[in-house]
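Survey of secondary and tertiary structure
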Amino acid sequence: DQQVKQNSPSLSVQEGRISILNCDYTNSMFDYFLWYKKYPAEGPTFLISISSIKDKNEDGRFTVFLNKSAKHLSLHIVPSQPGDSAVYFCAASARDNAGNMLTFGGGTRLMVKP
Amino acid sequence: DGGITQSPKYLFRKEGQNVTLSCEQNLNHDAMYWYRQDPGQGLRLIYYSQIVNDFQKGDIAEGYSVSREKKESFPLTVTSAQKNPTAFYLCASSRTPWGYTFGSGTRLTVV
C-alpha cells in the first residue's frame, strides 16, 4: 500500500507559466515533507521541505503548500523554466520514524516547453 | 568538499554473476540507504543501515546483500538470485531526520 502517492506521472507546462505538482499521503504520522528533483542518470537533489506545523514554505520560485486535513501537498513553480524539466519526487517522514526513513512517491515528470 | 560517491556509473553483468556497487560518503552521516529506480517508477528501498555493523531489509531486499563495516561505506551486492537486476541504483545518506543526500547513481545492465 503506497503511503505517498503522486497521481500524475507527467505534466507539461509552457515556459513562464505556473507548474503545480501534487502529492497525497495516507499516514497521519507523517510530519515532515520534502520535494526532490531528479535529472536523468543523476541522483535526486533536495529542493524544498515543509514541517507539519506550517502550511506554506517558499524559496524563490518554489513554494510548497501543505493541507493536513486533506493529507495533500503541492509544489508550485512560478515562473516555470525549461531547466525545471525533471522528475520531481515527493517524500514524507514521521518524527518517531527510526532510521530517518523517507517514504517516496512515484514521481512526476515535468516538461517545460520553451 | 563533502559528498557521497557511487561507482561505477555504468556496470554490466552477465547472467549468474554477482556484482558489487560501491557507495562512499565523507559527510559523517550515520544512516545510509540503497534504492532502486526502474523506468517510469519511483524509488524503492532495498536496504538501509542506521549504524556501523547493522543494517535492515527494505521493501525489495531479495537477491541483494549489503555490509556496513565502516561508517563511510555501504556497498551493495547484486547476487545471481536477483532475477531482474537491470535498473538504476541510488545510494543515499543522512544524519538529521530531515532529508537525504543522494549519490549520482549506478546504472546496472544485465547482458
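See the structure shown above.
All of the points below concern the structure found in this document. If you're wondering where the values come from, they're calculated on a predicted model, not measured in any experiment.

As for the overall build of chain A
Looking only at helices and strands, chain A features 0 helices and 11 strands. When the elements of chain A are put in sequence order from the N terminus, they spell out β-β-β-β-β-β-β-β-β-β-β. The C-alpha atoms of chain A give 14 Å as radius of gyration, which agrees with the globular expectation for 114 residues (13 Å, within 12%). Reported as C-alpha extents along the three principal axes, the dimensions of chain A are approximately 45 × 30 × 20 Å. Taking all 114 residues of chain A together, 46% fall into the buried category. In chain A, once contacts between residues fewer than 6 apart in sequence are set aside, the share between residues at least 24 apart is 55%. In the structure as shown, chain A presents an accessible area of about 5,400 Å², 49% of it carried by carbon and sulfur atoms.

A few points about the environment of A41(A)
Relative to the elements of secondary structure, A41(A) occurs in the loop between β4 (30-38) and β5 (45-51). Note: C-alpha distance between A41(A) and G107(A) (66 residues apart in sequence) is 15 Å. Aside from chain neighbours lying at most four places away, what touches A41(A) is K9(B), F88(B) and S104(B).

Things to note about the interface of chain B and chain A
Counting residues at the interface gives 23 residues for chain B and 20 residues for chain A. Together, the buried faces of chain B and chain A total about 1,700 Å²; carbon and sulfur atoms form 62% of this surface. At the junction of chain B and chain A, the tally comes to 0 salt bridges. Applying the counting rule to chain B against chain A returns 5 residue pairs in polar contact (both at pLDDT 80 or more). Elements represented by at least two residues in the side of chain B that touches chain A include exactly β4 (31-37), β5 (43-51) and β9 (87-94) of chain B. Residue composition of the side of chain B that touches chain A, grouped by class: 12 nonpolar, 9 polar and 2 charged.

Structural notes on the pattern of salt bridges
What the rule picks out here adds up to 6 salt bridges over all chains. Put simply, R61(A) and D84(A) hold a salt bridge, and the shortest N to O gap is 2.8 Å. You can see R61(A) sitting in the loop between β6 (56-59) and β7 (62-67) and its partner D84(A) sitting in the loop between β8 (72-77) and β9 (86-94), a full 23 residues away along the chain. Of the residues examined, D84(A) reaches a relative accessible area of 2% and is grouped as buried. Taking the shortest distance from any N to any O, the salt bridge between D38(B) and R36(B) comes out at 3.0 Å. Looking at D38(B), the relative accessible area reads 11%, which means it is buried. Overall, R36(B) belongs to the buried group, its relative accessible area being 4%. Salt bridges linked by common partners bring K37(A), R61(A) and D84(A) together as one network.

Some details on the pairing of β5(A)
All names here are of chain A. Bridging between β4 and β5 involves 6 bridges; their strand directions are antiparallel. Bridge assignment links Y36 to a residue of β5, and that residue is F46. With antiparallel pairing between neighbouring strands as the criterion, β4 and β5 make up a hairpin whose turn holds 6 residues, including A41 at a positive phi of roughly 60 degrees.

Let's talk about the environment of P82(A)
Here P82(A) lies in the loop between β8 and β9. Taking the C-alpha atoms as reference, P82(A) lies 6.4 Å from E15(A); in sequence the two are 67 residues apart.

What about the packing of aromatic side chains?
By the definition in use, this model includes 15 aromatic pairs over all chains. Measuring from centroid to centroid gives 5.5 Å for Y36(A) and F102(B), while their planes differ by 85 degrees, and the two rings are edge-to-face. Taken as a pair, Y36(A) in strand β4 and F102(B) in strand β10 (residues 101-102) lie in two separate chains rather than in one. A relative accessible area of 0% places Y36(A) in the buried class. Judged by centre distance (6.3 Å) and plane angle (55 degrees), the rings of Y35(B) and F102(B) are tilted. Here F102(B) lies in strand β10 and Y35(B) lies in strand β4, a separation of 67 residues in the sequence. We note that Y35(B), like F102(B), is buried. Cluster of aromatic residues (ring-pair linked, three or more members): Y36(A), F46(A), F104(A), Y33(B), Y35(B), Y48(B), Y100(B) and F102(B).

Calculation notes
Residues numbered from 1 in each chain as written. Chains lettered and ligands numbered in written order. Predicted model: local features only at pLDDT ≥ 70, side-chain atom pairs only at ≥ 80, totals over all residues. Heavy atoms only, no water. Helix = DSSP H or I, 4+ residues; strand = E, 2+ residues; numbered from the N terminus. Rg over C-alpha atoms; globule rule 2.2 N^0.38 Å. Buried < 20%, exposed > 50% of the residue type's maximum accessible area, 1.4 Å probe, protein only. Contact = heavy atoms within 4.5 Å. Areas by Shrake-Rupley, 256 points an atom, 1.4 Å probe, with all protein chains shown as cover. Buried area = accessible area lost by both parts, 1.4 Å probe. Salt bridge = Lys/Arg side-chain N within 4 Å of Asp/Glu carboxyl O. Polar contact = N/O pair within 3.5 Å; in protein donor to acceptor, adjacent residues only side chain to side chain. Nonpolar A, V, L, I, M, F, W, Y, C, P; charged D, E, K, R; others polar. Pairing = 2+ DSSP bridges. Phe/Tyr/Trp six-rings, centres within 6.5 Å; stacked < 30°, edge-to-face > 60°.

Everything listed here is a matter of coordinates, which is why it stays silent on function.
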